[in-house]
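A structural walkthrough
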Amino acid sequence: MAFSDFYCIAFGIGTRNSKGEWLEVFYPVPIFKPSEQDVERIAQVLGYTGGNKAIDLNEEKIGRLAPYINDSRQQSILGMLRGANRSRVACFIETDSAINSTPEAYLKLHLLSQRHAKPNQINLEGIFAKLPNVAWTSEGAIDLAELTDAQLKARVEGRLLEVTSIDKFPRMANYVVPHGVRISHTARVRLGAYLGEGTTVMHEGFVNFNAGTLGTAMVEGRLSQGVVMGEGSDLGGGASTMGTLSGGGEMLVSLGENCLVGANAGCGIPLGDRCTIEAGLFITSGTVVQVLDENKNFVKMVKARELAGYSDMLFIRNSQSGSVECRTNTKAIQLNESLHAHN
Amino acid sequence: MAFSDFYCIAFGIGTRNSKGEWLEVFYPVPIFKPSEQDVERIAQVLGYTGGNKAIDLNEEKIGRLAPYINDSRQQSILGMLRGANRSRVACFIETDSAINSTPEAYLKLHLLSQRHAKPNQINLEGIFAKLPNVAWTSEGAIDLAELTDAQLKARVEGRLLEVTSIDKFPRMANYVVPHGVRISHTARVRLGAYLGEGTTVMHEGFVNFNAGTLGTAMVEGRLSQGVVMGEGSDLGGGASTMGTLSGGGEMLVSLGENCLVGANAGCGIPLGDRCTIEAGLFITSGTVVQVLDENKNFVKMVKARELAGYSDMLFIRNSQSGSVECRTNTKAIQLNESLHAHN
Amino acid sequence: MAFSDFYCIAFGIGTRNSKGEWLEVFYPVPIFKPSEQDVERIAQVLGYTGGNKAIDLNEEKIGRLAPYINDSRQQSILGMLRGANRSRVACFIETDSAINSTPEAYLKLHLLSQRHAKPNQINLEGIFAKLPNVAWTSEGAIDLAELTDAQLKARVEGRLLEVTSIDKFPRMANYVVPHGVRISHTARVRLGAYLGEGTTVMHEGFVNFNAGTLGTAMVEGRLSQGVVMGEGSDLGGGASTMGTLSGGGEMLVSLGENCLVGANAGCGIPLGDRCTIEAGLFITSGTVVQVLDENKNFVKMVKARELAGYSDMLFIRNSQSGSVECRTNTKAIQLNESLHAHN
């Protein structure tokens, strides 16, 4: 067996329903791109022979694994997992292919949130089918079919079973809190979000799985699945990014660096760097826009999707004529030159 | 005593303040429209003689009730309630009239969330007066007058008393999770919401009591009290529905089937089927709208309230002229014919 | 030592990280503007000699303090603090100057939320530097560096450590619930918010620290840092207030009395009394606005910032011409007179 270029191995602890099916898995520190030697040692102990697989761990296996692990952090994790009263698992992802198990789905979401893989750069095919819809409660994940009895039992015993979410995705912060971030309200960031160092997600911010920020950023609006914001950008309070593939092609929305999408605004096209959409203005890919040059002279009329990816654009709705305009920032005469060139 | 056409009986468990007043009641499985025989049996054991009433349960009464109940689910509930260390109650609603007690208010909210009664089809008169304002905490409902001491006591004992809400209405999911729904953030759905099977309420969605969805639906915006969405409709991220009675008459906002209200849009009139409001556009009942026919020819100018209830309308703000237009969908030439007919 | 005009003393209980640094402090009932005699007595027992200082409390000190305190509420608090297994502190703020410790920062936030000081009327200079970024969990405040191990430990022991927020500011309701308010979702109101009696903050409402309402008010939108709403005003669902200093000067946004900012609208200027911004319309300080008199005749064209502070204005976007207009309310002919006078 040759295990070069192995994608990931992780030891986790999770929850199963009464039928033994996985509801969720927590991986404290996945081993991303493990060395060939590490994979071989772990494989030997656990009888792993290749492919993407989740192998149940028990006391005996954990005990045998420990001496084979060089990494002190992993040893400490295995030490803690030993003696746990929940299900434990070793998840092997040999290649980044379509997802075929719940432990694998959870591991990929961890890899995004732990910044090993950027949004749109990891294969999430099949994830919805492998993520069960779960009741997330103050006592952990509970199968929906088992919820009402659990609620009544808690009541009878004088406790409240708080149900915080009924969803396929848990909140990220119960699994991963990456370094250097603030998340004012963790219910708004799903596991699988990627938050760059220096990111603040305010109370009105939202980050879906496979979406996020690449560096310092302020997120007070909603980052839909697949949408990424660059360093220095600011998504204003209540601002919307359209998550579905937009326009005629497969145009994924994104914000470049140092962009500002104002409060209650919306964005349906990818923006380059240093772009602004004024507060309250919604630009969809089909919005007809007047392009103005740096002297506010009319250049041409386009659908917004034709401006996809350009930098240094300022979108406003003229508050007297009511027309949506794209003005150049003073710094960016290049923009209109490139637009002219496209004429 | 004749108890034909009885509305509802339910056995519940709840919380009282130190004065013995009810703060809230949880009814695992209400008996909606019970048979005359069932009502008579239960009435006999509990000394119930008619009307809408809440009767306290104790160990002895629960013990005597059990043999009279045929339903195995109810028997199991009574079995669990026996020995509970919180207050238990039997709530009788003979007729769907104005609410006169806290247990009755809670039972009616359960009936909505458990899909026994649709929004606007149950009598909620007087509900605000019968719902106390409560501190909802990680240790259950607490009377506001008793909160500060409870918080300090928890601190001193090394616990955190998490206060999640100060409100008359609790979050639905702590009481009812209907079949076939996802609620990404349960704090946004009040008890008394009605969620049809196949409904997803995303993080930005909100559903008030006596509001909801009649079937498969995507709720990423706010459904105000009284507002209902039909099968196949989509309320976009941050979209608003106006909950107060609007216009000159008593026009309750609603969405028919297969409607789309875009992100950050708003709706102040009832819509028929297959209507769209574009992202970012707010239609109030007083918005002056140009109606265009299927060839985009001007038909007439109306206030939006005059379009209430029509199907196949597309509302946009012309991004060049700034005027709000109502265009027909290509499928729906009928719309403008009916509009013409009204001329 | 003369302690006349003393600002505040408070006894608190809080959390420290493993290095002994404060993460947060809870002060059940601060003594605002204590009498000179009270300060002297407490100072004597604790060896306080002046300045803004936090002095650690232990069993012995608490025991010696109790006889010197006349106030029965404070005595009861000291009685509860005695025997607590968390850190306790006495915080002295002699003068309302820049903040120089974490206990002092927390005390000032309490003073705002307990209605001792109104927003913008207390010195918060330096607060960000003195508030550590904390993991707020179901088991209390945890240092971020200690979080992953705490999460794994909880898992192994079969518990869920719920991480509700990663932030410098905690939610207010875990510290202070002022009299006569409803807060449908406490995650949306930061400690340091000021909520007047009769205020309802609905699920979509948000109130930052040093912001709030001065009386009865409905908050369904976002009150940014520094923004205050007057008695009888209503901030609609999803409405935005701009929190940064706007325009050319240092124009802080505010709403006077009986204002209405509609759903999904936005406000970037201070409003006087009885002003309305229609649903969906965003007024920034730079928005060019047509001012119309009571007969809808054109008066002049201004940037919105020139209308700062006026009363009886109605802002709409003409739904046919697309232009933003400021109309007078019928009650308020004075407005346009004053505008004319400024010409």
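Along each chain, residues carry numbers from 1 onward, in the same order as the chain's sequence is written. Just so you know, chain letters begin at A and ligand numbers begin at 1, following the order they were written in. Local features in a predicted model are, by the rule used here, given only for residues with pLDDT of at least 70; side-chain atom pairs are given and counted only at 80 or more, and totals for whole chains, interfaces and linings are based on all residues. Values shown for side chains rest on all heavy atoms present in the structure; no hydrogens or waters enter the calculation.

**Here's the deal with the relation of the copies chain C and chain B**
Using the following cut-off: Superposition of the copies used a least-squares fit over C-alpha atoms from residues whose pLDDT is at least 70 in both.
For the pair chain C and chain B, the best superposition has an RMSD of 0.0 Å and corresponds to a rotation of 120° with a translation of 0.0 Å parallel to the axis. The relationship between the two copies is best expressed as a three-fold rotation axis. Residue Gly322 of chain C of chain C places its C-alpha closer to the rotation axis than any other residue of that unit, at 2.4 Å.

**Focus: the interface of chain C and chain B**
What counts here: Throughout, a contact is declared for two residues whenever any of their heavy atoms are within 4.5 Å. When two parts are put together, the accessible area they lose, computed with a 1.4 Å probe and summed over both, is reported as buried area. Here, a salt bridge means any side-chain nitrogen of Lys or Arg that lies within 4 Å of a carboxyl oxygen of Asp or Glu. In the analysis that follows, any N or O atom pair within 3.5 Å is treated as a polar contact, provided that within protein one partner can donate a hydrogen and the other can accept it, and provided that, for residues neighboring in sequence, both atoms belong to side chains. Put simply, DSSP H or I for four residues or longer makes a helix, DSSP E for two residues or longer makes a strand, and each gets a number counted from the N terminus. All amino acids are sorted into three groups, where Ala, Val, Leu, Ile, Met, Phe, Trp, Tyr, Cys and Pro are nonpolar, Asp, Glu, Lys and Arg are charged, and the leftover types, Gly among them, are polar.
Contacts between chain C and chain B engage 43 residues on the former and 48 residues on the latter. Both sides of the chain C and chain B interface together cover about 3,400 Å² of buried area, and 50% of this is carbon and sulfur. Ranking the residues of chain C by area buried against chain B places Arg182, His203 and Gln320 of chain C at the top, with a combined share of 19%. Seen at the junction of chain C and chain B, the total is 5 salt bridges. For Glu162 of chain B, the salt bridge identified is with Arg171 of chain C, shortest N-O distance 2.7 Å. Across the chain C-chain B interface, the total number found is 28 residue pairs in polar contact (both at pLDDT 80 or more). Broken down by secondary-structure element, the contributors of at least two residues to the side of chain C that touches chain B are strand 1 (8-16), strand 2 (22-26), helix 3 (72-81) and strand 9 (181-183) of chain C. Here the residues of the side of chain C that touches chain B sort into 15 nonpolar, 21 polar and 7 charged.

**Remarks on the packing of aromatic side chains**
Operational definition: Centre distance within 6.5 Å is the pairing criterion for rings of Phe, Tyr and Trp, where only the six-membered ring of Trp is used; planes under 30 degrees apart are then read as stacked, over 60 as edge-to-face, and the remainder as tilted. For the exposure calls, accessible area comes from a 1.4 Å probe over protein chains only, and a residue counts as buried if that area is under 20% of its type's maximum, exposed if over 50%, partly exposed in between. Think of it as a cone above the ring: NZ of Lys or CZ of Arg counts as a charge over the ring if it is within 6 Å of the ring centre and within 35 degrees of the ring normal.
Across all of its chains, the model carries 31 aromatic pairs over all chains by this definition. Seen from their ring centres, Phe26 of chain C and Tyr175 of chain C are 6.0 Å apart, and the 70° between their planes marks the pair as edge-to-face. One end of the pair, Phe26 of chain C, is in strand 2; the other, Tyr175 of chain C, is in the loop between strand 8 (163-167) and strand 9, with 149 residues separating them in the sequence. We note that Phe26 of chain C, like Tyr175 of chain C, is buried. Between Arg16 of chain A and the ring centre of Trp22 of chain A, over which it is positioned, the NZ or CZ distance is 4.0 Å.

**Regarding the packing of helix 3 (residues 72-81) of chain A against helix 6 (residues 147-156) of chain C**
The line we're drawing: To get an axis, fit a line to the C-alpha atoms, keeping to the stretch in contact for a helix; angles then go from 0 to 180 degrees between the N-to-C directions. Here the word oblique covers every angle except those under 35 degrees (roughly parallel), over 145 (roughly antiparallel) and from 65 to 115 (roughly perpendicular).
Packing of helix 3 of chain A against helix 6 of chain C brings their axes to within 9 Å, and their N-to-C directions diverge by 30°. Here helix 6 of chain C runs roughly parallel to helix 3 of chain A, going by the angle between their axes. Here helix 3 of chain A contributes Arg73, Ile77, Met80 and Leu81 of chain A to the contact with helix 6 of chain C, which in turn contributes Thr148, Asp149, Leu152, Lys153 and Val156 of chain C. For the contact of helix 3 of chain A with helix 6 of chain C, the per-class residue count stands at 5 nonpolar, 1 polar and 3 charged.

**Observations regarding the interface of chain B and chain A**
Size of an interface, as often reported, equals the accessible area lost when the parts are brought together. Residue-level contacts link 43 residues of chain B with 48 residues of chain A. In total, about 3,400 Å² of surface goes out of reach between chain B and chain A, with carbon and sulfur atoms giving 50% of it. Considering only the surface of chain B that becomes buried against chain A, Arg182, His203 and Gln320 of chain B emerge as the three largest contributors, covering 19% of it. Broken down by secondary-structure element, the contributors of at least two residues to the side of chain B that touches chain A are strand 1 (8-16), strand 2 (22-26), helix 3 (72-81) and strand 9 (181-183) of chain B. Counting residues per element, the side of chain B that touches chain A draws most heavily on helix 3 of chain B, at 4 residues. For the side of chain B that touches chain A, the per-class residue count stands at 15 nonpolar, 21 polar and 7 charged.

Geometric values such as these leave the question of function open.
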